[in-house]
Amino acid sequence: MSTEAILMSPEQLAALQAAEPVVVIDTRDADTYAAGHIPGAVNLREIFTFLATSTPEGLQELKATFARALGDAGLSGAETAVFYEDAMNSGYGQSCRGYYLLTWLGYPKVKVLNGGFSAWKAAGLPVSTEAATPTPASFPDRPLTGVMLTRADVLAALGTGTVLLDVRDVDEWIGESSSPYGKDFAPRKGRLPGAKWIEWYRFMKPSATGPVFKSPDEVKAECATAGITPTDTIYLYCFKGARASNTFLALKQAGFADVRMYFGSWNEWSRDPGLPIESGLPALVAPAPLPLAA
């Protein structure tokens, strides 16, 4: 899958809006949306705020909540959904969370505005303060795709060849904080046993209009620093599936074949005292000694 298949520039989005049915979804908070947004964009903050669990009941609630909300936003299956946030590094991956959720729900056409609203404004494109009034549609009921992991899936993967990739901020990775909501928001601090770590910011780079995603080769290079290849099976997690959605998009557009996400993430895992964690500073694993020459 190429970069262009998922990510759009502001100019590409403006051209798409003029050419075919598009539903643009603003994932920022209501006040920020009201102060100025892409003309016609629908505000759907719940894309970012909804906290999910991976029980059958929790996943059914997740599906029902967003099938209803996205249908109300005007998505019937015929339109291209385009998500955006303010800037790619300031919203904890919230626009990408929309991309991930629609990928899971089997929606056929999903894109993300690369660079977010900041890039749209920098391109000199129009801004509106008028709230959109979408025409509700019947959201398509399609088979769910296999990108969603449950707590049981992750537990079964511990100690196997599956790559568990933690993309949280460094204070969470080293066990100083339990979440971006506060150090003690969740009951336990730490990480999944055996997890590798690449902080989610590393899949982006500066540009003249603000942070944008790195190229596929740059993403592969970042993964190589943690010993991760495009042929690995990769299970992503963060705190609630937002930052990991940013990484999910980065890896998919770079051609990584088998990427899935534990959407319940640390918010769910840390609340079950029966589930194993590693805590404290990650231990340095010494490299194996080189064999002696004969």
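Residues numbered from 1 in each chain as written. Predicted model: local features only at pLDDT ≥ 70, side-chain atom pairs only at ≥ 80, totals over all residues. Heavy atoms only, no water.

Undergrad: How should a nonpolar patch on the surface be read in this particular structure?
TA: Taken together, the side chains of Leu51, Tyr181 and Phe185 present a nonpolar region at the surface, about 270 Å² in accessible area. On the secondary structure map, Leu51 appears in the loop between α4 (46-49) and α5 (56-72). Leu51 sits in the partly exposed class, given a relative accessible area of 38%. (Patch = residues over 30% accessible without salt bridge, like charges linked within 9 Å, V, L, I, M, F, W, Y side chains within 5 Å. Areas by Shrake-Rupley, 256 points an atom, 1.4 Å probe, with all protein chains shown as cover. Salt bridge = Lys/Arg side-chain N within 4 Å of Asp/Glu carboxyl O. Helix = DSSP H or I, 4+ residues; strand = E, 2+ residues; numbered from the N terminus. Buried < 20%, exposed > 50% of the residue type's maximum accessible area, 1.4 Å probe, protein only.)

Undergrad: Teacher, can you tell me more about the packing of aromatic side chains here?
TA: Two descriptors summarise a pair of aromatic rings, namely the distance from one centre to the other and the angle between the planes of the rings. Under the defined criterion, the tally for this structure stands at 13 aromatic pairs. Here a set of aromatic residues connected by ring pairs shows up, and it is made of Tyr99, Tyr100, Phe248 and Phe263. The ring of Phe117 carries the charged tip of Arg28 above its face, separated from the ring centre by 4.4 Å. The residue whose ring lies beneath Arg191 is Trp173, and the NZ or CZ to ring-centre distance is 5.2 Å. (Phe/Tyr/Trp six-rings, centres within 6.5 Å; stacked < 30°, edge-to-face > 60°. Lys NZ or Arg CZ within 6 Å of the ring centre and 35° of its normal.)

Undergrad: Looking at this model, I keep getting lost on unusual backbone geometry. Mind explaining?
TA: A negative phi holds for most residues other than glycine; trans holds for most peptide bonds. One non-glycine residue, Tyr92, lies in positive phi territory at about 55°. Assignment of secondary structure puts Tyr92 in the loop between β4 (80-84) and α6 (94-104). Residue classification places Tyr92 among the partly exposed residues on the basis of a relative accessible area of 31%. A positive phi angle, close to 50°, is found at Ser265, a residue other than glycine. As for its position among the elements, Ser265 is in helix α12 (residues 265-269).

Undergrad: Just to check I follow, could you spell out the pairing of strand β2 (residues 22-26) for this structure?
TA: Residues in a regular strand project their side chains so that they alternate between the two faces of the sheet. Burial of β2 is extensive: 5 of the 5 residues sit out of reach of the surface. Neither face of β2 is exposed, since Val22, Val24 and Asp26 on one face and Val23 and Ile25 on the opposite face are all buried. Bridge count between β2 and β4: 5 bridges; the pairing is parallel. Opposite Asp26, over in β4, you have Tyr84 as the bridge partner. (Pairing = 2+ DSSP bridges.)

Undergrad: Looking at this structure, how should I read the side chain of Arg28?
TA: For Arg28, the location among the structural elements is in the loop between β2 and α3 (30-35). Its relative accessible area of 4% is what places Arg28 among the buried residues. Here Gly36 takes part through its backbone oxygen, which lies 2.8 Å from a polar atom of the side chain of Arg28. (Polar contact = N/O pair within 3.5 Å; in protein donor to acceptor, adjacent residues only side chain to side chain.)

Undergrad: Teacher, can you tell me more about the packing of α6 against helix α11 (residues 243-253) here?
TA: How two helices sit against one another is set out by the angle between their axes and by the gap between those axes. At their nearest, the axes of α6 and α11 sit 7 Å apart, and the two run at 70° to each other. One finds that α6 runs roughly perpendicular with respect to α11. Judged by the sense of rotation from one axis to the other, the crossing of α6 with α11 is left-handed. Where α6 approaches α11, its residues Cys96, Arg97, Tyr99, Tyr100 and Thr103 are matched on the opposing element by Ser245, Asn246, Phe248, Leu249 and Lys252. Looking at the contact of α6 with α11, its residues break down into 5 nonpolar, 3 polar and 2 charged. (Axes fitted to C-alpha atoms, helices over the stretch in contact; angles between N-to-C directions. Parallel < 35°, antiparallel > 145°, perpendicular 65-115°, else oblique. Left-handed = near helix turned anticlockwise from the far one by under 90°. Contact = heavy atoms within 4.5 Å. Nonpolar A, V, L, I, M, F, W, Y, C, P; charged D, E, K, R; others polar.)

Undergrad: Explain the pattern of salt bridges here, please?
TA: Considering all chains together, one arrives at 14 salt bridges under this definition. One salt bridge connects Arg151 with Asp272, and the closest N-O pair in it is separated by 3.7 Å. In this pair, Arg151 is assigned in helix α8 (residues 151-157) and Asp272 in the segment after α12, connecting sequence segments 121 residues apart. Here Arg243 makes a salt bridge to Asp169, at a shortest N to O gap of 3.1 Å. One end of the pair, Arg243, is in helix α11; the other, Asp169, is in the loop between β6 (163-166) and α9 (170-173), and 74 residues separate them in sequence. In this pair, the class of Arg243 matches that of Asp169, namely buried.

Undergrad: Whenever I open this one, the sheet that holds strand β3 (residues 42-43) confuses me. Can you help?
TA: Two pairing modes exist for strands in a sheet, parallel and antiparallel, and in both the strands are linked by backbone hydrogen bonds. Ordered in space as β1-β5-β4-β2-β3, the 5 strands form an open sheet in which the pairing is parallel. Two strands close off the open sheet at either side, each with one partner strand: β1 (7-8) and β3. Summarising the sheet, β1 and strand β5 (residues 110-113) pair through 2 bridges and their orientation is parallel. Of the residues in β5, the one forming a bridge with Met8 is Leu113.

Undergrad: What's the story with the nonpolar core in this structure? I'm lost.
TA: What tends to happen in soluble globular proteins is that the nonpolar side chains get buried as a cluster. Leu62, Leu70, Leu102 and Leu236 are the most contacted members of the largest nonpolar core, which totals 57 residues. Residue contributions to this core peak at 6 residues, all from α6. Sequence-distant contacts of Leu70, that is, excluding residues within four places in its chain, are made with Ile25, Leu44, Ile47, Leu75, Phe83, Leu102, Leu105 and Phe139. If you look at the next biggest cluster of nonpolar residues, it comprises 15 residues, including Ala157, Trp173, Tyr262 and Trp266. (Core = buried A, V, L, I, M, F, W, Y, C linked by side-chain atoms within 4.5 Å.)

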